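Structural description and commentary
Chain residues, written in single-letter form:
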Amino acid sequence: MKKKEYKLLGASVMAALALTASFPAGAADVEITEPGKAAETVQKALEHPTKQVNFDNMLLAEKLPAAPETPEAETIQIDLKGAVSTAIQNNRDIRISEYALTEAEAAVSEAAAGKNPSLDYSFSASRNRSEGTSAATGRTVVSIQNSYNNGLNVTWPLWTGGRVEGLINAARYQREAAEEAVYLSEADTKLNATSAYYQYLEAINLEDVSRESVENLSSHLTNVQQQYNAGIVAKLDVLSSNVSLANAKQEYITAQNTKNVAEANLNNIMRLPMSTKLVPTDTNFPEPEFTITMDQALAIADKNRWEILQAEYAYRAAKEQVKVAKSGYLPTVQVGGGYNWDDDDFPGFDHEGWTISGGLSWSLWDGGATDAQIKSAKAAMRSAEESLQQVRESVALEVRQDYLNILSAKEKIRATEAAVAEAEEAYKIATVRYKSGVGINLDVLDAQYNLNSARTNYITAMYDYNVGLATLEKALGIPAVIRPETKK
């Protein structure tokens, strides 16, 4: 066999081995569908399935275990203050951030312990057997000796080259960052609860719009049917009115479902049972004043925003880590002392003694480890500095966007407010004209559609304005919970 043939044979064997290895164990019966045999493959899967697929309707009550009886849904009255306060009291993210703060406080204490003296107690016991020849008798003498030792030793690091101090400061900055994380969680929860509450109000109002649309079109259809029976209008008016009413009913069903979903979402944020029926004390949107300027908003956010403060603390902690790394160049000094007891009898407190010690340690060369640690710490510090500037820029952009969104929503409120009044008047005119035989059916249907659109746009603008105010409040770093340190 020629060399070329050997090469071809070897390549074929290697390809076969690679193909075999690519299939998992137990997959020998897997077949790859060849081109042109797709229909045959589907038919084979139906007639000779390797796995029996469940196609039964498992959503039928008789096919599922009986569900436990649920208590009757509770109905409560709620307002914005109640929703937000309940959410903040019950939110799990806030509790998690508070636990993280406790960990950070413990880390400060742990780092500070490095400057304190340490006291150790030690106890040891031993038993020795030895043999020797007596000089007097020449006999072998077996000696058993017991030894018991007790000791108290104190070690006090007087100077660590700034290492311990740097670790303490870094831990303190990390604790401050953890505290800001608690405030941030509270603010996030307040914004989420506020948005969910206003979303529920929006859904209620939009449901009212849809219901009124159904009522108006039902009344109009009755009028159209009467005029058609009297031979005044054509069959087309009846059909068009029926279609419009059917569409309005579909939109009403969708609006009801949206309201139910919004209610469940608000219950979830407040951590109330999902089936709780919420009744807002007032379904009208408020319109709080808004007088802050853009420059004021940017200045407040740059001073108070939690993410900026966290980034600043991270930068300061990184600077302290540079000091910690540089401590490898410096000597360390420590003193110590001890008091010891030993005896042949347990517990060994007959003979006593004491020691006082002091020492200096200075690593003159560590193979470049300290240089590498300093280089790494400086890189981390520069990265933290860049992150700080990046957060500042991101916050400034967020504040500007939120501010402009509020201005836009406020203008939309005024525009849609006027549009609603005009649409209501137009609908009344179109209805009267049609009843009088002057107008046409399309005018009434168009007027109803425009009225729905105007009311929907107004409700959406009010929602956007109120949620926009809450979003800007959070963007400025305004605390959600009043504390002594936040009153400044």
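So, on to the pairing of strand β4 (residues 277-280). Alternating positions in β4 separate cleanly, L278 and P280 being buried on one face and K277 and V279 remaining unburied on the opposite face. Pairing geometry for strand β1 (residues 75-78) and β4, over four bridges, is parallel. Looking across to β4, one finds that T75 is bridged to K277.

Looking now at the packing of aromatic side chains. The full count for this structure, using the stated rule, is four aromatic pairs. Considering the side-chain rings of Y173 and Y313, the 6.4 Å spacing of their centres and the 20 degrees angle between planes classify their relative orientation as stacked. Linking Y173 in helix α5 (residues 163-229) with Y313 in helix α8 (residues 306-326), this pair joins segments that are 140 residues apart in sequence. What makes Y313 buried here is its relative accessible area of 15%. Judged by centre distance (5.8 Å) and plane angle (65 degrees), the ring pair of Y197 and Y198 falls under edge-to-face. Per residue, the accessibility class of Y197 equals that of Y198, and both read buried. Members of the aromatic cluster, joined through ring pairs, are Y197, Y198 and F285.

Take the pattern of salt bridges next. Here the structure, examined in full by the defined rule, presents 16 salt bridges. Between R305 and E398 there is a salt bridge; the shortest N-O distance is 2.9 Å. Of the two residues, R305 sits in the loop between α7 (294-304) and α8 while E398 sits in helix α9 (residues 369-435), which places them 93 residues apart along the sequence. When its relative accessible area of 24% is taken as the criterion, E398 is described as partly exposed. Here the salt bridges do not stand alone but share partners, grouping E287, K410, R414 and E417 into one network.

Further remarks concern the side chain of S327. Structurally, S327 can be placed in the loop between α8 and β5 (332-343). Within polar-contact distance, the side chain of S327 engages the backbone oxygen of V324 at 2.4 Å. Aside from chain neighbours lying at most four places away, what touches S327 is T160, G161, G162 and R163.

Here we take up the environment of D350. Tracing the sequence through the fold places D350 in the loop between β5 and β6 (351-361). Separated by 113 residues in the primary sequence, D350 and D237 place their C-alpha atoms 117 Å from one another. Here D350 is in contact with D342 and D343, once residues within four sequence places are set aside.

Let us now look at the side chain of N91. Note that N91 resides in the loop between α3 (80-90) and α4 (92-112). Here the side chain of N91 touches I94 through a polar contact of 3.0 Å, landing on its backbone nitrogen. A distance of 3.3 Å separates polar atoms of two side chains, one belonging to N91 and the other to T189.

Another aspect to go through is the nonpolar core. Counting residues in hydrophobic clusters, the biggest one holds 45 residues, and the most contacted among them are L266, F290 and V399. Among the elements of the structure, α3, α5, α6 (235-270), α7, α8, α9 and α10 (441-475) are those that each provide at least two residues to this core. In this structure V399 touches A297, L298, A301, L472, A475 and L476, once residues within four positions along its chain are discounted. Judged by nonpolar contacts, the second largest core, of 19 residues, contains L217, V238, L245 and V420.

Turning to the packing of α5 against α10, a few remarks are in order. It is at 10 Å that the axes of α5 and α10 come closest, and there the two elements cross at 170 degrees. Accordingly, the angle class assigned to the pair α5 and α10 is roughly antiparallel. Partitioned by chemical class, the residues of the contact of α5 with α10 number 14 nonpolar, 14 polar and seven charged.

Calculation criteria
- Residues numbered from 1 in each chain as written.
- Predicted model: local features only at pLDDT ≥ 70, side-chain atom pairs only at ≥ 80, totals over all residues.
- Heavy atoms only, no water.
- Buried < 20%, exposed > 50% of the residue type's maximum accessible area, 1.4 Å probe, protein only.
- Helix = DSSP H or I, 4+ residues; strand = E, 2+ residues; numbered from the N terminus.
- Pairing = 2+ DSSP bridges.
- Phe/Tyr/Trp six-rings, centres within 6.5 Å; stacked < 30°, edge-to-face > 60°.
- Salt bridge = Lys/Arg side-chain N within 4 Å of Asp/Glu carboxyl O.
- Polar contact = N/O pair within 3.5 Å; in protein donor to acceptor, adjacent residues only side chain to side chain.
- Contact = heavy atoms within 4.5 Å.
- Core = buried A, V, L, I, M, F, W, Y, C linked by side-chain atoms within 4.5 Å.
- Axes fitted to C-alpha atoms, helices over the stretch in contact; angles between N-to-C directions.
- Parallel < 35°, antiparallel > 145°, perpendicular 65-115°, else oblique.
- Nonpolar A, V, L, I, M, F, W, Y, C, P; charged D, E, K, R; others polar.

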